[in-house]
Amino acid sequence: MQFSPLRTAIITIVALFGIFMSIPNFMSKDMLAAWPSWLPKQTMVLGLDLQGGSHLLLQVNRDSIIAERIKDLRRDVRSTLANDNGIGNIITVGANSITVELTDPTQKDAAMAAVEKLQTNVSAAALGVGGVPELAFSETPDGKIVVALTDDGVKERMSSLVAQSIEVIRNRIDQVGTTEPTIQRQGTDRILVQVPGFEDSTRLKDLISQTARLTFHLVHPTMSAATAEAQGIPSGYYILPSSDGGKELLNENIELGGESLTNAQPGFDSQTSRAVVSFSFDTRGALTFGEITSKNVGKRFAIVLDDKVITAPVINGPITGGSGQISGNFTTASANDLAVLLRAGALPASLDVVESRQVDASLGADSIKSGVTAGIIAGVLVVTFMVVAYGLFGLFANISLVLNVILIIGALSTLGATLTLPGIAGIVLTIGMAVDANVLIYERIREEQNSGKSVLASINAGFQRAWGTIVDSHLTQLIAAVVLYFLGSGPVQGFAVTLALGILTSLFTAYTVTLFFVGIWFRARRPKTLRIQHFRFIPDGTKINFMKISKTVIILSIVLTFISIGSAVFKGFNFGIDFKGGSAIEVQHTADGPADPALLRELLDKLNLGEIQVQGFGTPQDVLVRVEMQPGGDAAQGVAVEKVRTALAGENYTIRRTETVGPSVSGELTLHGTIAVLVALGAILCYVWFRFEWQFALAAITTTTHDVIMTIGLFSITGIEFNLSSIAAVLTLVGLSLNETVVISDRIRENLRKYKKMPLPELINLSINQTIVRTSLTAFTIFLALFPLVFFGGEAIRGFVIAMTFGVFVGTYSSIIVGGPILIFFGLKSRADVPADKVVVKRADGAAV
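Computed from a predicted structure; not experimentally measured.

**Considerations on helix H16 (residues 546-571)**
Right, on to step 1. Between the first and last C-alpha of H16 there are 35 Å, a value that for 26 residues agrees with the 38 Å anticipated at 1.5 Å per step.
Right, on to step 2. The largest bend along H16 measures about 30° and falls at Thr552.
Right, on to step 3. What H16 keeps buried is the set Phe546, Met547, Ser550, Val553, Ser557, Thr561, Ser564, Gly566 and Ser567.
Right, on to step 4. Considering only its buried residues, H16 is in contact with helix H21 (694-718), helix H23 (760-792), helix H24 (798-819) and helix H25 (822-825).

Rendered as C-alpha cells:
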C-alpha cells in the first residue's frame, strides 16, 4: 500500500505513453499534419478487411524452374559439345536431367570433362557465388552421360529466385502508384503481397504473376510450324503459339533479351492508330539489335513474351536506333500494363497465385463501424456492471480497464501492427477478460476481511494472495495467443496480437494501477470498515455438494462428448474455403429490395462451375456465393471467379469481397490448425504440471479437451462454417477454460495446506464454493463483452463469437463441476486420506521419521 515515488513515476510515464501513442489514431490527416513534430504520429495500420484492398499469396512454381533450367542446360551442353569441342551428341530430356548419347563413344572422357565445366554453385544470397553444387554428373552402364539437377541446388535456386521476385514485384507495384504495399517472404517459396486501396485483384494478379520474360528469336526461314509438326522439328528449333491463334517455328537461341531494355512506354501506331508499346535498348542492346537486323534482312524476327509470340515482322532493313515497338491486339489498358511489366523487369520464375482475397472499401468501412459499435456497447455494459457490482472499487477497476484499452492501442501503434476485424474482436474480448483480475482481487479481499482481518491487512493480503493466481491464469491464455500467432495467418494473427497485448497490459493495469488508486483512497479516507461488493449472483457461504452430483454430471459430459465426436465423424463439418479450397464471393444487391438467392443460384448454375452455394449473409441485401475448387487448379479458379463476376455485372449486384484459396494452402491450414490446438494443449500441460502437481495438470487438460470437443461438436451439429477463425476461437477457448480451472486448482492447493485433516471430497467442495462467486462474475463480464459482438460485430466474425460464447459457458461448467471431482480419479490425496503409517514427518534436521 506504500507506493514509492519511482513506482508512481512508472505508472504515470506508462499511462502518458499510451495516451500520446493512441491520440494520432483518432485524429484526421489535417489535424495530424498540424500535430507538433516532436510528438508521435504513428498510427495503427488498418488491415485489408477494414480499409479495402487486395491480398495475394504467390508460390514459386518449382516445376517451371526445373523445366526452364533443363531447357537451358540442354542448350548449353549441346553448344559445349558440338560447337566448342566438335563432339557429336544426341540429347534426351528427362524430368530433372538430360541424357547425352555420343555419336563416337571413344570421346566419352573428353565429353565428360567438357560437360563438368558447366558446374555452377547456387546460393540463396547470389547465384554462382558460394552455395551448393547445382549439377550431378554420372554415367549409365551403356556409356551415356547423365547430367541431373541436385535437390539442394534446386532449393537454393528457388530461395534466390524468391528474393529476386520480391524486388521485381515491388518495382511493378511502385510503377502503378499504390501506397504502402506489404511485400514479404513467407517460408521458402512463397511471397505475400497486400496492397491497400487496390480493389481490382484480377489486374493486380496479372501485374504481379505474369513473368513478362521478353525475348527475340529468328523464325525458321523456310519451314512453317505446321510442316515441322508433320515432318519433324529441326534440331535447334521449337514451336511456340502466337497471339493470333497460330504457331511459329523459332530458333532456340535467344538473340536478345528483355534485360537490355531501358524504357517501355504505351502509345499508338501513327499509321493504324492501334495501341502499341514502344521500347528502347541500352547501348549494348542497341548495338546487338542493330547487328542482328543488319545480318538478317528479309527474315522474320519474333518478339516473344512468356513463351507466346506477340508479333513476328519481317526485317526490312537494319534498325540501328536502339528502339522499336511491339504491336498486337492491345487495348490501352493492356498496353499500359505491358509497359509497366517491361519497365519493372521480368520475374526470374513463374509465380502461381495460391490464395487471393479482395475487399471493397465500402465493406471495410462497414466492418469498422460494426466493430467499433460492438466495442463501445461491450465497454459500456462491462463498466456499468462493475460499478453496480463493486461500487467505488468497480470505478477503480474501470479506470484500469480504460487505461488497458489505451495501452493496447498505443502498443499497436508503436509496433506498427495491423488492426483487423478479428483484432477488434480481440480488444473487445480483452475488455471482458481484463476485469477478471480485479474480480479475483476484490473477492480475495472480501474473504480476508470475513476471516477477521483489518481493512488494511485485508487489502494487502487480497492483492498479494491473488497475484499468483492472476499470473497463472494470464500465462495460460498467453500461451494460446502465442501459438495462434505463429501457426495462424492474416487476420487471425491480428487477433492473436491484440489478445496477447491485452493479456500483458491487463497484468499491469488490473494489479498495479488498481492498487495505486486503492492506496490513494485508503490514505485519504482511512476507513474502519470496508464494503466492496454491492451485488452478486450467488450469496456468500454456499455449501453446494458438487461432489454428490459429480458422477451424474461426468456421465452426462461423457455422453455429450461422444455425441460431438460422432457428429464430427459421421456428419462432418461445414468447412470454409480456408480448409477445403475454392472461392467465396460476397455480393450486395444494389437495386431496391432484398437479394434473391434462388435467382442467383439459377443464373450461376448455367456457368457449369460445379457445385455453387448461394446463401444469405448478414443483411437482406447481402449474399455469399461459394464456388468449389476447379479441376484446373489455381489458374482455373481465377477464371471461375471472373465468370461469376461477369455474370453478376448486369444483374444489379456489386462484388464487395472475394477470397480464393488453393488446395495446397487449404491442406496446410488444416494441418497447421490441428498442430496449433495440440501444441497449445501440450504447452499448457507442461506449465500447469510445473506450477501444480501432475494430477492438476491432467485434470486441466482433461477439462480443456472436453471443452474443445464440445465446441467443435457445436460447429458440426449446427452447421456453422468452420474456418480459420474457428481455430482462433478454439485456441482462445483453451486459454479461457484453463483460466477458470487454474483459479479453482490454486484454491484447492491452498486449502490442502490449510486444512490438512479435511477429507478430499469435502475440501474440493469447499474450494469450489469459495471461488464460485468469482467464477460466475467473470463469466458474466465475458458474456457482456461477447453478446454485442454477436449482434453488432458483423457476419464475418459471427461464427467465431458464437463459438466463443458457447465455449465460455461450457468452460465455466466443466471447471466447476468436472475439473475438481476428477482430481480424485487421478489419485490426488489430502493428508486426511493418507493412512497414519504412510505419513512422512521430517525432523528439524531434515531426516524422515
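**Here's the deal with the sheet that holds strand S15 (residues 261-268)**
Right, on to step 1. With antiparallel pairing, three strands are arranged side by side in an open sheet as S15-S16-S19. Every other strand in the sheet has two partners, leaving S15 and strand S19 (323-327) as the edge strands with one partner each. Within the sheet, the average angular offset between the axes of one strand and its neighbour, ignoring direction, is 25°.
Right, on to step 2. Two elements, S15 and strand S16 (residues 275-281), share seven bridges in a ladder whose sense is antiparallel. Pairing of Gly267 across the sheet is with Val276, part of S16.
Right, on to step 3. Taken strand by strand, helix H10 (residues 332-344) contacts S15, S16 and S19, and its axis lies near 175° from that of S15.

**With respect to the packing of aromatic side chains**
Right, on to step 1. Following the criterion strictly, the structure yields 20 aromatic pairs and no others.
Right, on to step 2. Ring geometry for Phe573 and Phe722: centres 5.4 Å apart, planes at 40°, overall tilted. With Phe573 in the loop between H16 and helix H17 (577-580) and Phe722 in the loop between H21 and helix H22 (724-754), this residue pair connects regions lying 149 residues apart in the sequence.
Right, on to step 3. With relative accessibility at 25%, the residue Phe573 sits in the partly exposed group.
Right, on to step 4. Exposure remark for Phe722: the relative accessible area of 8% places this residue in the buried category.
Right, on to step 5. Grouped by ring-pair contacts, the aromatic residues Phe216, Phe279, Phe281, Phe289 and Phe301 constitute a single cluster.

**Brief notes about the sheet that holds strand S10 (residues 190-196)**
Right, on to step 1. Taken together, eight strands build an open sheet; the order of strands is S9-S10-S2-S20-S25-S22-S24-S23 and the sheet is antiparallel. Every other strand in the sheet has two partners, leaving strand S9 (182-186) and strand S23 (612-617) as the edge strands with one partner each. Strand after strand, the sheet turns through a mean of 20° between neighbouring axes, direction not considered.
Right, on to step 2. As paired strands, strand S2 (residues 53-60) and strand S20 (residues 351-359) are joined by eight bridges and run antiparallel to one another. Pairing of Ser54 across the sheet is with Gln358, part of S20.
Right, on to step 3. Where helix H18 (residues 597-605) meets the sheet, its contacts fall on strand S22 (582-589), S23, strand S24 (619-627) and strand S25 (653-661), and the angle it forms with S23 comes to roughly 155°.

**Looking at the nonpolar core**
Right, on to step 1. In this structure, Tyr390, Phe393, Tyr442 and Ile459 are the most contacted members of the largest nonpolar core, which totals 127 residues.
Right, on to step 2. The residues touching Phe393, leaving out its near neighbours within four places in the chain, are Tyr442, Val518, Trp521, Leu530 and Ile532.
Right, on to step 3. Counting 41 residues, the second-largest nonpolar core is a separate cluster that includes Ile91, Ala114, Ile145 and Val147.

**Here we look at the confidence of the model for the chain**
Right, on to step 1. Averaged over every residue, the pLDDT of the chain is 81; residues scoring 70 or more account for 93%.
Right, on to step 2. Across residues 125-129 the pLDDT falls below 50, and counting only partners more than four positions away or on other chains, this stretch makes nine contacts in the model.

**Focus: the pairing of strand S7 (residues 135-139)**
Right, on to step 1. Pairing geometry for S7 and strand S8 (residues 145-149), over five bridges, is antiparallel. Of the residues in S8, the one forming a bridge with Ser138 is Val146.
Right, on to step 2. Hairpin connection from S7 to S8: five residues lie between these consecutive antiparallel strands, with Gly143 at a positive phi of about 90°.

**Structural notes on the environment of Met804**
Right, on to step 1. Topologically, Met804 is positioned in helix H24.
Right, on to step 2. The spatial distance from the C-alpha of Met804 to the C-alpha of Ser726 is 9.0 Å, given a sequence separation of 78 residues.
Right, on to step 3. When neighbours within four sequence positions are excluded, Met804 is seen to be in contact with Leu429, Ala729, Thr732, Leu733, Leu736 and Leu786.

**A closer look at the pattern of salt bridges**
Right, on to step 1. Summed over all chains, the structure comprises 23 salt bridges.
Right, on to step 2. Taking the shortest distance from any N to any O, the salt bridge between Arg747 and Glu447 comes out at 2.9 Å. Here Arg747 is found in helix H22, whereas its partner Glu447 is found in helix H13 (residues 421-450), with 300 residues between them in sequence.
Right, on to step 3. Classification of Arg747 as buried rests on a relative accessible area of 8%.
Right, on to step 4. Classification of Glu447 by relative accessible area gives partly exposed; the value is 25%.
Right, on to step 5. A salt bridge links Glu642 to Arg645, with the shortest nitrogen-to-oxygen separation between them at 3.4 Å.

**So, the packing of H21 against H24**
Describing two packed helices takes the angle between their axes plus the distance from one axis to the other.
Right, on to step 1. Contact geometry for H21 and H24: axes closest at 9 Å, N-to-C directions at 145°. Considering how the two elements wind past one another, H21 and H24 form a crossing that is right-handed. Here Ala699, Thr703, His706, Asp707, Met710, Thr711, Leu714 and Phe715 of H21 lie close against H24, whose contacting residues are Gly799, Ile802, Ala803, Phe806, Gly807, Val810, Gly811, Tyr813, Ser814, Val818 and Gly819.
Right, on to step 2. For the contact of H21 with H24, the residue count by class is 10 nonpolar, eight polar and one charged.

**So, the pairing of S9**
Right, on to step 1. Two strands pair when backbone bridges link them, and S9 and S10 are joined in this way by five bridges, in the antiparallel orientation. The residue bridging Arg185 from the neighbouring strand is Ile191, located in S10.
Right, on to step 2. Between the antiparallel neighbours S9 and S10 lie three residues, among them Gly187 with a positive phi of about 70°.

**Let's talk about the side chain of Thr561**
Right, on to step 1. Within the element layout of this structure, Thr561 appears in helix H16.
Right, on to step 2. Judged by relative accessible area, which is 14%, Thr561 ranks as buried.
Right, on to step 3. For Thr561, the residues in contact, after removing those within four places along its chain, are His706, Ile709 and Met710.

Analysis parameters
Residues numbered from 1 in each chain as written. Predicted model: local features only at pLDDT ≥ 70, side-chain atom pairs only at ≥ 80, totals over all residues. Heavy atoms only, no water. Helix = DSSP H or I, 4+ residues; strand = E, 2+ residues; numbered from the N terminus. Expected span 1.5 Å × (residues − 1). Bend = angle between axes of the 7 residues up to and from the residue. Buried < 20%, exposed > 50% of the residue type's maximum accessible area, 1.4 Å probe, protein only. Contact = heavy atoms within 4.5 Å. Pairing = 2+ DSSP bridges. Axes fitted to C-alpha atoms, helices over the stretch in contact; angles between N-to-C directions. Phe/Tyr/Trp six-rings, centres within 6.5 Å; stacked < 30°, edge-to-face > 60°. Core = buried A, V, L, I, M, F, W, Y, C linked by side-chain atoms within 4.5 Å. pLDDT = per-residue confidence, 0-100. Salt bridge = Lys/Arg side-chain N within 4 Å of Asp/Glu carboxyl O. Left-handed = near helix turned anticlockwise from the far one by under 90°. Nonpolar A, V, L, I, M, F, W, Y, C, P; charged D, E, K, R; others polar.

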